[in-house]
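Residue strings, one per chain:
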Amino acid sequence: QKEMSRSASLNRFPRNFSIGFTLIFLALSYPVLLGLQYHGLFFHLEDLWQDELFRLQGKTNATGDPRIIIASMDEDTGKKYKFPLPRPVHARMLDKLKTYGVKTTAFDVMFFDPMDKDNDQELVDATRRFGKVIHLFMTKAQDTAHGQVVDVNLPIKGLLEASQYLGYPNID
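Our subject in this report is the structure included herewith. Given the structure is predicted, the values throughout are model-derived calculations rather than measurements.

A short note on the sheet that holds strand β5 (residues 165-167)
Strand order in this open sheet of three strands is β1-β2-β5, and the pairing throughout is parallel. The outermost strands of the open sheet, each flanked by one partner alone, are β1 (105-106) and β5. The pairing of strand β2 (residues 133-136) with β5 spans three bridges and is classified as parallel. Bridge pairing links His135 to Leu166 in β5.

As structure tokens, then:
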């Protein structure tokens, strides 16, 4: 009987191991399942791996097109003007880029909510003066009892008309 008990526990080993391993893997991968506000061990490892791959590439990357300029809002800009940046800051940037001979500008900032009427108008006017400016719009689909409803977010009043193009951001 002792032999049968040992045989039965050996037969349960793969099942118990599989269940235990799966629970540990899920807890490490998706801690939100346990109510923890952490993205998971493997997500961070993936970030580290991507960083290492970029570091190892070194200078093997091809140089970018010198005709493309990226104007970014860094931490110092945020300290100076506060986030979200006032619309006149964006307007002055458009005017400055125009003096540099930039032909087209695409914003990676969404101007969906009106702020101060005069400041909004300043951005609208700068967009109109610049010409080829791409501002963002966004859609969000929702399933309802009556079918799928698509909500469209467009730029603030005046900016939609002043923009030559609209772009769609690829965000989740």
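Past the structure itself, the notes keep going.
What to know about the packing of aromatic side chains
Scanning the model with the defined rule gives three aromatic pairs in all. Seen in terms of ring centroids, Phe17 and Phe21 are 6.1 Å apart; in terms of plane orientation they differ by 20 degrees. Their pairing is stacked. Of this pair, Phe17 and Phe21 are both found in helix α1 (residues 2-29), four residues apart, which corresponds to roughly one turn of the helix. Seen from their ring centres, Phe107 and Phe111 are 5.5 Å apart, and the 75 degrees between their planes marks the pair as edge-to-face. By relative accessible area, Phe107 is classed as buried at 7%. In this structure Phe111 comes out as buried when scored by relative accessible area, which is 3%. The ring of Phe130 has Lys98 sitting right over it, with the charged end atom 5.5 Å from the ring centre.

Remarks on the pairing of strand β3 (residues 138-144)
In the sheet, β3 pairs with strand β4 (residues 147-153) via seven bridges, with the strands oriented antiparallel. Bridge pairing links Ala141 to Val150 in β4. Linkage of β3 to β4, two consecutive antiparallel strands, is achieved through a turn of two residues.

Some points on the layout of surface pockets
Empty space within the largest pocket amounts to approximately 630 Å³. As for the largest pocket, its lining consists of 25 residues, and the residues nearest its centre are Ile70, Ala71, Met93, Leu97 and Thr105. Elements that contribute at least two residues to the lining of the largest pocket include exactly α3 (75-81), α4 (87-99) and β1. Broken down by element, the lining of the largest pocket gets its largest block of residues, five residues, from α4. Grouping the amino acids of the lining of the largest pocket by side-chain chemistry returns 15 nonpolar, six polar and four charged. Lining the second largest pocket are Pro114, Lys117, Asp120, Gln121, Val124, Arg128, Ile156, Lys157 and Gly158. Considering only residue class, the lining of the second largest pocket consists of three nonpolar, two polar and four charged.

Quick notes on the rules
Residues numbered from 1 in each chain as written. Predicted model: local features only at pLDDT ≥ 70, side-chain atom pairs only at ≥ 80, totals over all residues. Heavy atoms only, no water. Pairing = 2+ DSSP bridges. Helix = DSSP H or I, 4+ residues; strand = E, 2+ residues; numbered from the N terminus. Phe/Tyr/Trp six-rings, centres within 6.5 Å; stacked < 30°, edge-to-face > 60°. Buried < 20%, exposed > 50% of the residue type's maximum accessible area, 1.4 Å probe, protein only. Lys NZ or Arg CZ within 6 Å of the ring centre and 35° of its normal. 1 Å grid on protein atoms, 1.4 Å probe; cavity = no way out; pocket = protein on both sides within 12 Å on 5 of 7 lines; lining within 4 Å. Points joined across faces, edges and corners; volume = space filled by probe spheres on them. Nonpolar A, V, L, I, M, F, W, Y, C, P; charged D, E, K, R; others polar.

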